[in-house]
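Listed here are the chains, written in short residue letters.
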Amino acid sequence: AQSVTQPDIHITVSEGASLELRCNYSYGATPYLFWYVQSPGQGLQLLLKYFSGDTLVQGIKGFEAEFKRSQSSFNLRKPSVHWSDAAEYFCAVAPRYNTNAGKSTFGDGTTLTVKP
Amino acid sequence: NAGVTQTPKFQVLKTGQSMTLQCAQDMNHEYMSWYRQDPGMGLRLIHYSVGAGITDQGEVPNGYNVSRSTTEDFPLRLLSAAPSQTSVYFCASWAASSYNEQFFGPGTRLTVL
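Cut-off values and rules
Residues numbered from 1 in each chain as written. Chains lettered and ligands numbered in written order. Predicted model: local features only at pLDDT ≥ 70, side-chain atom pairs only at ≥ 80, totals over all residues. Heavy atoms only, no water. Salt bridge = Lys/Arg side-chain N within 4 Å of Asp/Glu carboxyl O. Helix = DSSP H or I, 4+ residues; strand = E, 2+ residues; numbered from the N terminus. Buried < 20%, exposed > 50% of the residue type's maximum accessible area, 1.4 Å probe, protein only. Core = buried A, V, L, I, M, F, W, Y, C linked by side-chain atoms within 4.5 Å. Contact = heavy atoms within 4.5 Å. Buried area = accessible area lost by both parts, 1.4 Å probe. Polar contact = N/O pair within 3.5 Å; in protein donor to acceptor, adjacent residues only side chain to side chain.

Draft legend 1. Region of interest: the pattern of salt bridges. Within the structure shown, the criterion is met by seven salt bridges over all chains. Between Lys49 of chain A and Glu101 of chain B there is a salt bridge, with the nearest N and O atoms lying 2.5 Å from each other. Here Lys49 of chain A is found in strand S6 (residues 44–50), whereas its partner Glu101 of chain B is found in the loop between strand S9 (87–94) and strand S10 (103–104) on a different chain. Classification of Lys49 of chain A by relative accessible area gives partly exposed; the value is 32%. Each of Glu64, Glu66 and Arg77 of chain A takes part in a single network of salt bridges with overlapping partners.

Draft legend 2. The nonpolar core, seen in detail. Leu19, Trp35, Leu47, Leu48, Phe74, Leu76 and Tyr89 of chain A are the most contacted members of the largest nonpolar core, which has 26 residues in total. Taken together, the elements giving at least two residues each to this core come down to strand S2 (10–14), strand S3 (19–21), strand S5 (32–38), S6, strand S8 (64–68), strand S9 (73–78), strand S10 (87–94) and strand S12 (110–115) of chain A. Element by element, the count of residues in this core is highest for S10 of chain A, at four residues. Not counting residues within four places of it along the chain, the set of residues in contact with Tyr89 of chain A comprises Gln6, Leu21, Trp35, Tyr36, Val37, Leu47, Phe63, Leu76, Gly109, Thr110 and Leu112 of chain A. Core analysis: the next-biggest nonpolar cluster, separate from the first, contains 19 residues, Leu21, Tyr64, Phe74 and Cys91 of chain B among them.

Draft legend 3. How the structure looks around the interface of chain A and chain B. Between chain A and chain B, the contact holds 23 residues from the first and 21 residues from the second. Both sides of the chain A and chain B interface together cover about 1,800 Å² of buried area, and 54% of this is carbon and sulfur. In this structure, the connection of chain A to chain B is made through one salt bridge. In this assembly, chain A and chain B are joined by five residue pairs in polar contact (both at pLDDT 80 or more). Of all the secondary-structure elements, those providing two or more residues to the side of chain A that touches chain B are S5, S6 and S10 of chain A. Counting residues per element, the side of chain A that touches chain B draws most heavily on S5 of chain A, which supplies four residues.

Note that all results are geometric; they support no functional claim without further evidence.
As structure tokens, then:
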């Protein structure tokens, strides 16, 4: 069965510091990979996605993520965190084949706190 | 475009009551899904639909029913509410051509007493 692990439940960084949120997945083949962000009381918004090709993908709000097939990882990074980045971040995987198109799997989330 | 809309935003039920959470999208997306979000457990898939008239179960379907009579609407029915169904519910939709990139509604916070 597919699974997504986000090892860090809660991360605190200072404003202006760099950020890396970890995501590891278990899947039979390389899935589609996503990072979503959820601000308090809001729904989820897509930050970035990986389908194929270049393993370093750029997203919105200055975020990027790197797909590493050998490590089954898709870690999210940002060089300089802003106070507005405080939110919960979810990694997700989805099957490549339409026969299972509905069955995405989400990690448990990482809550990011930004210190002034 | 309104995107994905959900009503109500908040709901309090008593154990045993039934209700329907509404979800609608105006993007003509083929796929729609319902998730529940509980603290420390991420999002868990309840049911999903790959088109009008076609639905399937997700990870946690018990106690919930869905139907999809139109492309736009995907209501979630709680048949007999239980305290274990206290959660935040999110509806999402996406296009078949979009590689599962999902658009989420704002959520419904449900409390069952």
